[in-house]
Amino acid sequence: MADRPPPPFAAFRADDVVAAVEIALSPFAAQAAQCTACILAETRTNVVFGSGSARSGIVLIGEAPGANEDAQGLPFVGRSGQLLDRLLAETGIARGDVYICNVVKCRPPGNRDPRPEEVVTCAPFLRAQLEALKPRVLCALGLHATRWLLPGKEAMAKLRGRVLDYRGIPTIATYHPAAILRSPGLRGNALGDLELMREVAEKAAREAGA
Ligand code: URA
């Protein structure tokens, strides 16, 4: 028999809170759209600042835009994004209720890894996003985002499956969807991590009386 679908996520923030976050984010999005601070500006089509909402208080962070994201100016819209959407839906969370962004806002050519100097140059944007979004829970998708939040050397297999801490914000690390596409055996663990993320967000909402 098929598993029952999870109840829809319902621990939402008030509309005025969500709107205030959007207002706080907009100058940084405008600044990023003009950014030429690193070499990635020379080859990008669009800056991929981030998308979604602060409604749930859940913020997911990936590595860097790929070709589809660069073309559309939106994060996680290619194959990895489609898988992420399915995993979120299986967790009972709609994509439009979370905020999704990347460590680096412009596509590294040929999908190479972002270079350390590009990560450092772009960091003020992610810091500003986290400041504005006031996340209830963070989810780092893959090791690039995990290392940005939690410098260290531990493997994902050791980091995932528990609640970590980034500056007082509960943080879940899990496999990047691209890694799951390459190694489908990781899917079950990633789904468990997103379920944990949901629980943490709901607990934070209860504690905040929201
Ligand atoms: N991979 C990422 O890390 N981010 C995206 O936006 C797309 C693919």
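What you see is a predicted model, and the numbers here were worked out from it, not measured in a lab.

Moving on, we come to the pairing of strand E6 (residues 169-174). For a regular strand, side chains alternate in direction, first toward one face of the sheet and then toward the other. With five of its six residues buried, E6 lies for the most part within the structure. Both strand E4 (residues 137-141) and E6 contribute to a ladder of four bridges, which runs parallel. Note that in E6 the partner of Cys139 across the bridge is Ile172. Two elements, strand E5 (residues 164-166) and E6, share three bridges in a ladder whose sense is antiparallel. Considered in E6, the bridge of Asp165 is made with Pro170. Here E5 hands over to E6 after two residues, with Arg167 in that stretch at a positive phi of 50 degrees.

What follows covers the environment of Val104. Assignment of secondary structure puts Val104 in the loop between strand E3 (99-102) and helix H4 (116-133). Accessibility expressed as a relative area gives 2% for Val104, which makes it buried. The spacing of Val104 and Ala64 is 40 residues in sequence and 4.9 Å in space, taken between C-alpha atoms. Not counting the four nearest positions on each side in its chain, Val104 is found in contact with Leu40, Glu63, Ala64, Pro65, Pro114, Glu118, Val119 and Cys122.

Here is what the cut-offs are and how they apply
Residues numbered from 1 in each chain as written. Predicted model: local features only at pLDDT ≥ 70, side-chain atom pairs only at ≥ 80, totals over all residues. Heavy atoms only, no water. Buried < 20%, exposed > 50% of the residue type's maximum accessible area, 1.4 Å probe, protein only. Helix = DSSP H or I, 4+ residues; strand = E, 2+ residues; numbered from the N terminus. Pairing = 2+ DSSP bridges. Contact = heavy atoms within 4.5 Å.

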